[in-house]
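Geometric and topological summary
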Amino acid sequence: MIKMHPVKFFLMYPYLWYFPYKKEYTIEQAEKEHLVYGQLWEEPVPFGKMNTFWEGFKSKIQEGDKLYLYRSPIRNWFRLAGVEKFILECDGKIIASHIVACN
């Protein structure tokens with residue numbers, strides 16, 4: 001998280017302040033970026049303790065579906081209403097989501 005006064009951040013990055021971030025991902029990218037190293041596992045596990053939820057989320061994916069990482073606008077994080085999640089879309093409709101971080 002960027003430690004900066006909200007007004008200063010807005011003046012430097014007006015686009016990020018108001019608009020959410022949405023990027024298309026593959027399953028492999030998502031699992032690689034969210035590996036958790038811990039004492040409970042011998043090897044790193046994607047999403048750590050949330051791995052069972054992630055596996056259930058992955059089971060809903062069908063051919064032609066798209067996986068996106070969504071981050072709410074920065075101003076929402078300053079207001080303690082931010083969320084980062086993976087969204088599964090089919091024909092422009094959200095089928096499922098998996099929350100990665102929120103405050």
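So, here is what we can say about the structure in this document. (Residues numbered from 1 in each chain as written. Predicted model: local features only at pLDDT ≥ 70, side-chain atom pairs only at ≥ 80, totals over all residues. Heavy atoms only, no water.)

1. Here we look at the sheet that holds strand E5 (residues 83-90)
What counts is decided by this rule: Two strands are counted as paired when DSSP detects at least two bridges linking them. The way it works is that DSSP assigns letters per residue, a run of H or I at least four long becomes a helix, a run of E at least two long becomes a strand, and they are numbered from the N terminus. Think of each axis as a best-fit line through the C-alpha atoms, taken over the contacting stretch in the case of a helix, with angles from 0 to 180 degrees between the N-to-C directions. Any two residues whose heavy atoms approach within 4.5 Å at even a single point are treated as in contact.
Spatially, E1-E4-E5-E6 is the arrangement adopted by the four strands of the open sheet, whose pairing is antiparallel. Each edge of the open sheet carries a strand with a single partner, namely strand E1 (21-25) and strand E6 (93-102). Taken over all neighbouring pairs, the strand axes of this sheet differ in orientation by 25° on average, direction set aside. The pairing of E1 with strand E4 (residues 66-71) spans five bridges and is antiparallel. Its bridge partner lying in E4, Glu24 is registered against Tyr68. Running at roughly 160° to E6, helix H4 (residues 51-59) makes contact with E4, E5 and E6 of the sheet.

2. Details of the environment of Cys102
Note that Cys102 resides in strand E6. Along the primary structure Cys102 and Gly82 are separated by 20 residues, whereas in three dimensions their C-alpha atoms are 5.5 Å apart. Those residues in contact with Cys102 that sit more than four places away from it in its chain are Trp77, Gly82 and Val83.

3. Considerations on the pattern of salt bridges
To keep things clear, this is the line we draw: Basic side-chain nitrogens of Lys or Arg form a salt bridge, by our definition, when they fall within 4 Å of a carboxyl oxygen of Asp or Glu. Relative accessible area decides the class of each residue, using a 1.4 Å probe on protein chains only: under 20% of the type maximum gives buried, over 50% gives exposed, and in between gives partly exposed.
Per the counting criterion, the structure on display carries four salt bridges. The salt bridge involving Glu84 is made with Arg71; its shortest N-O contact spans 3.2 Å. Taken together, the residues Glu84 in strand E5 and Arg71 in strand E4 connect sequence positions 13 residues apart. Its relative accessible area of 13% is what places Glu84 among the buried residues. By sharing partners, the salt bridges in this structure join Glu31, Glu55 and Lys58 into a single network.

4. Description of the side chain of Glu31
Tracing the backbone through its elements, the reader meets Glu31 in helix H3 (residues 27-33). Judged by its relative accessible area of 17%, Glu31 is buried. With sequence-adjacent residues up to four places away left out, Glu31 is seen in contact with Pro46, Trp54, Glu55 and Lys58.

5. Re the pairing of E4
Of the pairings in the sheet, the one linking E4 to E5 comprises six bridges and is antiparallel in character. Across the sheet, Tyr68 pairs through a bridge with Ile87, a residue of E5.

6. Description of the environment of Val45
Position of Val45 relative to the elements: it lies in strand E3 (residues 45-46). Setting aside residues no more than four positions away along its own chain, Val45 makes contact with His34, Leu35, Val36 and Asn51.

7. Here we look at the nonpolar core
Put simply, the rule reads: Take the buried residues of types Ala, Val, Leu, Ile, Met, Phe, Trp, Tyr and Cys, join any two whose side-chain atoms come within 4.5 Å, and each joined set is a nonpolar core.
Counting residues in each nonpolar core, the largest one holds 10 residues, listed as Tyr25, Ala30, Phe47, Trp54, Phe57, Leu67, Leu69, Phe86, Leu88 and Ala96. Breaking this core down by element, the ones donating at least two residues are H4, E4 and E5. Those residues in contact with Tyr25, other than ones at most four positions away along the chain, are Ala30, Glu33, Leu67, Tyr68, Leu69 and Phe86.

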